Amino acid sequence: MTRLLDLCSLIRSKNAGPFVLTFDFMCHDQDSYERLRDSGLLTPQLFAQLYGALPERVLVVHHDRAQAVKVSLPRPVRQGDIHDSDSYGGQQYAPLVDLEVPTSAN
């Protein structure tokens, strides 16, 4: 079983302003990146399910030259709201690291 963490040298989440949460997945090498990209794991549907966003509001961008994937979505509550449990968005990546990466979506 290959986990997302096995393919990435860096997985992080952070704010992209007070209303947007962004995730970065930076892979170890080209083979790891291609496996992640081609797996179909990082989809708008996955982030909608995990973070309560509408799939059509989730942006997934593959950066081939950087061997990285960036995902952005609206924060569930705005930064600093009384119900905001992670003001900087830096802990939101945690449910993703142990996800199993399928061999290929093709």
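Trainee: Go over the sheet that holds strand E3 (residues 59-63) with me, naming the residues and quoting the values.
Mentor: Sheets are built from strands paired through backbone hydrogen bonds, the pairs being either parallel or antiparallel. An order of E1-E2-E4-E3 is seen for the 4 strands of this open sheet, with the pairing classed as antiparallel. Strand pairing shows two members of the sheet lacking a second neighbour, strand E1 (8-15) and E3, which therefore form its edges. Within this sheet the neighbouring strands show an average axis-to-axis angle of 10°, counted without direction. Across 5 bridges, the pairing between E3 and strand E4 (residues 68-74) is antiparallel. For His63, the partnering residue across the bridge sits in E4 and is Ala68.

Trainee: Outline helix H3 (residues 44-51), supporting the account with residue identities and numerical values.
Mentor: Looking at H3, one finds that the buried residues are Leu46, Phe47, Ala48 and Tyr51. Tucked inside the fold, the buried residues of H3 contact strand E2 (20-27) and E4.

Trainee: Tell me about unusual backbone geometry, and please be specific about residues and values.
Mentor: Residue Gln67 is not a glycine yet carries a positive backbone phi of 55°. Mapped onto the elements of the fold, Gln67 is located in the loop between E3 and E4.

Trainee: Would you mind going over the pattern of salt bridges in detail, with residue names and values included?
Mentor: Scanning the entire structure with this criterion turns up 8 salt bridges. In this structure, Asp6 and Arg3 form a salt bridge, with 3.1 Å as the shortest nitrogen-oxygen distance. Residue class for Asp6 comes out partly exposed when judged on its relative accessible area of 34%. The structure contains a network of salt bridges with shared partners spanning Arg3, Asp6 and Asp98.

Rules used throughout
- Residues numbered from 1 in each chain as written.
- Predicted model: local features only at pLDDT ≥ 70, side-chain atom pairs only at ≥ 80, totals over all residues.
- Heavy atoms only, no water.
- Pairing = 2+ DSSP bridges.
- Helix = DSSP H or I, 4+ residues; strand = E, 2+ residues; numbered from the N terminus.
- Axes fitted to C-alpha atoms, helices over the stretch in contact; angles between N-to-C directions.
- Buried < 20%, exposed > 50% of the residue type's maximum accessible area, 1.4 Å probe, protein only.
- Contact = heavy atoms within 4.5 Å.
- Salt bridge = Lys/Arg side-chain N within 4 Å of Asp/Glu carboxyl O.

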